[in-house]
Amino acid sequence: MQYQSQSVAKLYFIAAIALFVAQILFGLIMGLQYVMGDFLFPEIPFNVARMVHTNALIVWLLMGFMGAAYYMVPEEAERELHSPKLAIALFWIFLAAAGATVLAYLTINYADLARLTGNDLLPTMGREFLEQPTIIKIGIVVVALGFLFNIGMTILKGRKTTINLVMLVGLVGLAVFFLFSFYNPTNLVQDKYFWWWTVHLWVEGVWELILGSMLAYVLIKTTGVDREVIEKWLYVIIAMALITGILGTGHHFYWIGTPEYWQIVGSVFSAMEPIPFFMMTLFAFNMVNARRREHPNKAAVLWALGTGVMAFLGAGVWGFLHTLSPVNYYTHGSQITAAHGHMAFYGAYVMIVLTMISYAMPLMRGRAGANSNKAQVVEMWSFWLMTVSMVFITLFLTGAGILQVWLQRYSDSPLPFMEVQEKIAIFYWMREYTGLVFLAGLVLYIISFFVKGEEKAA
Amino acid sequence: MSGAFTKSTARNIFYGGSVFFFLLLVVLTFDTMKSLPKRDHRENITPQVVLGKKLWEDHNCIGCHTLMGEGAYFAPELANVYDRFGQSTEAIVAFIQSRPAEGVPGRRSMPQFNMSTEELEAVAAFLKWTSEIDDANWPPNIQG
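Trainee: When you look at the overall build of chain B in this model, what are you seeing that I'm missing?
Mentor: Of the regular secondary structure elements, chain B holds 5 helices and 2 strands. Against the globule reference of 15 Å for 144 residues, chain B gives a C-alpha radius of gyration of 22 Å, more extended than a compact globule. Evaluated residue by residue, chain B yields a buried proportion of 42% over its 144 residues. For chain B, long-range pairs separated by at least 24 residues make up 65% of all intrachain contacts whose partners lie at least 6 apart in sequence.

Trainee: Looking at this structure, how should I read the overall build of chain A?
Mentor: Counting its regular elements, chain A contains 16 helices and 2 strands. For chain A, the C-alpha radius of gyration of 22 Å lies close to 23 Å, the compact-globule estimate for 458 residues. Along the longest, intermediate and shortest principal axes, the C-alpha atoms of chain A span 65 × 45 × 45 Å. Restricting to contacts in chain A with at least 6 residues of sequence separation, those with at least 24 account for 80%.

Trainee: Help me out: how do you make sense of the domain arrangement of chain A in this one?
Mentor: By convention, interface size is frequently given as the accessible area that disappears when the constituent parts associate. Residues and elements named next belong to chain A. In terms of domain boundaries, chain A breaks down into domain 1 (1–160), domain 2 (172–293) and domain 3 (319–458). Taken over C-alpha atoms, the centre of domain 1 sits 20 Å from the centre of domain 3. Counting residues at the interface gives 22 residues for domain 1 and 19 residues for domain 3. Contributing elements (two or more residues each) for the side of domain 1 that touches domain 3: helix H1 (9–35) and helix H2 (46–77). Among the elements that take part in the side of domain 1 that touches domain 3, H1 stands out by supplying 14 residues, more than any other.

Trainee: Got a minute to help me understand helix H6 (residues 162–178) of chain A in this structure?
Mentor: Owing to its 3.6 residues per turn, the α-helix aligns residues three or four sequence positions apart on the same side. Residues and elements named next belong to chain A. Helix length check: H6 (17 residues) gives 24 Å between terminal C-alpha atoms against 24 Å at 1.5 Å per residue, within 8%. Buried within H6 are the following residues: Thr162, Ile163, Asn164, Val166, Met167, Leu168, Gly170, Leu171, Gly173 and Leu174. Check the buried side of H6 and you find it contacts H2, helix H5 (134–157), helix H7 (188–223) and helix H8 (227–248).

Trainee: Would you mind going over helix H9 (residues 261–271) of chain A with me for this structure?
Mentor: Where H9 of chain A is concerned, the buried positions are Trp262, Gln263, Val265, Gly266, Phe269 and Ser270 of chain A. Close packing links the buried residues of H9 of chain A with H8 and helix H12 (325–331) of chain A.

Trainee: Can you help me understand the nonpolar core in this one?
Mentor: Grouped burial of nonpolar side chains is what soluble globular proteins tend to show. One finds Ala16, Ala69, Tyr70, Leu215, Ile237, Ile238 and Val353 of chain A to be the most contacted residues of the largest nonpolar core, which totals 181 residues. Among residues more than four places away in sequence, those in contact with Leu215 of chain A are Met280, Ala284, Ala304, Thr307 and Ile352 of chain A.

Trainee: Help me understand the interface of chain A and chain B, please; the structure alone is not making it clear to me.
Mentor: Opposite the 57 residues of chain A that make contact, chain B presents 61 residues. For the side of chain A that touches chain B, the secondary structure elements donating two or more residues are H2, helix H4 (110–116), H7, H8, H12, helix H13 (335–364) and helix H14 (373–410) of chain A. Counting residues per element, the side of chain A that touches chain B draws most heavily on H8 of chain A, which supplies 11 residues. In the side of chain A that touches chain B, the residues fall into 32 nonpolar, 14 polar and 11 charged.

Trainee: I keep staring at the domain arrangement of chain B and nothing clicks. Help me out?
Mentor: In terms of domain boundaries, chain B breaks down into domain 1 (1–40) and domain 2 (41–144). The straight-line distance from the C-alpha centre of domain 1 of chain B to that of domain 2 of chain B is 37 Å.

Trainee: What is the right way to read the environment of Pro74 of chain A from this model?
Mentor: Among the structural elements, Pro74 of chain A can be located in helix H2. Spatially, the C-alpha atoms of Pro74 of chain A and Ala368 of chain A are 19 Å apart, while their sequence positions differ by 294 residues.

Trainee: Can you walk me through the packing of H14 of chain A against helix H16 (residues 425–448) of chain A in this structure?
Mentor: Any two packed helices are characterised by how steeply their axes cross, that is the angle between the axes, and by the distance between the axes. Residue and element names in this part refer to chain A. In the contact formed by H14 and H16, the axes pass within 8 Å of each other and the chain directions differ by 165 degrees. Accordingly, the angle class assigned to the pair H14 and H16 is roughly antiparallel. Regarding H14 and H16, the two cross each other, and that crossing is left-handed.

Trainee: Got a minute to help me understand the environment of Met30 of chain A in this structure?
Mentor: Residues and elements named next belong to chain A. Inspection of the secondary structure puts Met30 in helix H1. Sequence separation between Met30 and Pro45 is 15 residues, and the spatial gap between their C-alpha atoms is 8.9 Å. Setting aside chain neighbours within four positions, we find Met30 in contact with Phe46, Ala49, Arg50 and His53.

Trainee: Would you take a moment to explain unusual backbone geometry for this structure?
Mentor: The phi angle of most residues is negative, glycine excepted, and most peptide bonds adopt the trans form. Here the residue pair Phe41 of chain A and Pro42 of chain A is connected by a cis peptide bond, since its omega of 0 degrees sits within 30 degrees of zero. Residue position: Pro42 of chain A is located in the loop between H1 and H2. Note the cis peptide between Trp138 of chain B and Pro139 of chain B, where omega equals -5 degrees. Along the chain, the position of Pro139 of chain B falls in the segment after helix H5 (117–131). The backbone phi angle of Gln87 of chain B is positive, close to 50 degrees, even though this residue is not glycine. With respect to the helices and strands, the residue Gln87 of chain B is situated in the loop between helix H3 (81–84) and helix H4 (89–97).

Trainee: Explain the packing of H7 of chain A against H13 of chain A here, please?
Mentor: Residue and element names in this part refer to chain A. Running from amino to carboxyl end, H7 crosses H13 at an angle of 35 degrees, the nearest separation of the two axes being 10 Å. Crossing of H7 over H13 shows left-handed handedness. Mapping the contact onto sequence places Trp207, Leu211, Met214, Leu215, Val218, Lys221 and Thr222 in H7 and Ala348, Tyr349, Ile352, Thr355, Met356 and Tyr359 in H13. A class-by-class count of the residues in the contact of H7 with H13 yields 10 nonpolar, 2 polar and 1 charged.

Parameters at a glance
Residues numbered from 1 in each chain as written. Chains lettered and ligands numbered in written order. Predicted model: local features only at pLDDT ≥ 70, side-chain atom pairs only at ≥ 80, totals over all residues. Helix = DSSP H or I, 4+ residues; strand = E, 2+ residues; numbered from the N terminus. Rg over C-alpha atoms; globule rule 2.2 N^0.38 Å. Buried ≥ 20, exposed ≤ 12 C-beta atoms within 10 Å, placed from the backbone. Contact = placed C-beta atoms within 7 Å. Domains from an automatic or database assignment. Expected span 1.5 Å × (residues − 1). Core = buried A, V, L, I, M, F, W, Y, C linked by C-beta atoms within 7 Å. Nonpolar A, V, L, I, M, F, W, Y, C, P; charged D, E, K, R; others polar. Axes fitted to C-alpha atoms, helices over the stretch in contact; angles between N-to-C directions. Parallel < 35°, antiparallel > 145°, perpendicular 65-115°, else oblique. Left-handed = near helix turned anticlockwise from the far one by under 90°.

In structure tokens form, the structure reads like this:
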């Protein structure tokens, strides 16, 4: 760590991991509710558990992105952060807002929460992933603006690298497209159409810029490959991401009342969305193969390679599986969608944040190069436990999805939803057991931070 | 990557390509918005339907159900529930009204939301309007 102010990232990373734990615990609750329908009912109904599960994920990934930016931007810009105090203040505001939201979900009836927080004045609540009270959404915008100001000023006054510029473009895009969450027309079709401008243009658009930038940064640091080479790769990857991903939004416009031409536009462009993810895999492996030094942090390199592979499998392959409109006609809104969602989020965004934490945390904790070999071995075990269990969670959900599509949508005598759910329960049980393995991996991951010692810098 | 293909070429493809395709998305969005009135039957969005959508959101129905395939996969699709319930808004009202507050032992059950009759009718009206949107014949059959 070259600049003192980089260390504000530590707060963000710790909070991110804490929210990660909450996300997984509520995931396990939901998983159990799939097979034991009355579990925790009516205290924590499924919809409440799901809000905590998805919103905690989004917030901890945002915490991770912000922490990553605070860590890498000063080093790339070759100067201290514009205002470390602002970064710390915004952290506590963001954490308090996130904590209050989760507590409110768990303790207050959602309809009462909507009433208490003035959802009648500007209704934005009750839409998937955007369930936060309107006042919290405004808070998120304020935090994002302060954050962008801080990062922007640092970049403006310092060295302007491609990695920093791409990160900044991605983060500005993130803030801009979030503004669509305030637009909630009474016409459901329009509501759904612009809801995707936040959701799709985040995860299959600007977030990929953030992901690419973070991956490029860690690869420069750990492999010592020439910056020019890495930055060229970065531009090609994000160019492909947006060229395919922007019109790829069309794969959400097949069945929501929008014109039929979206079936062609969406199919063609989203079918190409795996390309940037495949290039990310090639990128990570090529850079590590061409490395000019042996970085002592082997765990960080493992996470970086894992991100490439798992993002390609989860976002690329499992996305392609159901993206063509004739296929999607049968798979839309089934467990196939859930399977894709799990591995894509884990492979692309969870793993890139964990890559950055793995690289930066030892340095912020004052270690010369990396954690001790023993700590890294524990961390690498957690990598394999979480990654392999996520592969199996995805496979079980895919199995459930194929059967669901067959029984409910495709066979000659389609069965009602709940009857099908009972027939495919075995897959939900296996998913739940595998979820426990994932939790074990997460516990091991946290333990790895408490294994002492360090490796020297290369 | 060879020497002829430089970083600045890659950068130009990124900025040029992104701007081009974003503008294309904007153009297609205008076209979509222009053609929607024929598909969404907005002339039928009465104040009751508007209230129904608000209640749909305030009770976080999307947290368990899908609506036109979007949402959670824990409970049945509702964009076609009006048709599945024999084109009866009364059946929808009766179903929501009769959910037991303490749930059903061992099974998934919808919470009891304690809505008034007026509110329940608004939710049913919203679901009826939704069922009439021209959504390219999705879902494939009545089971959703």
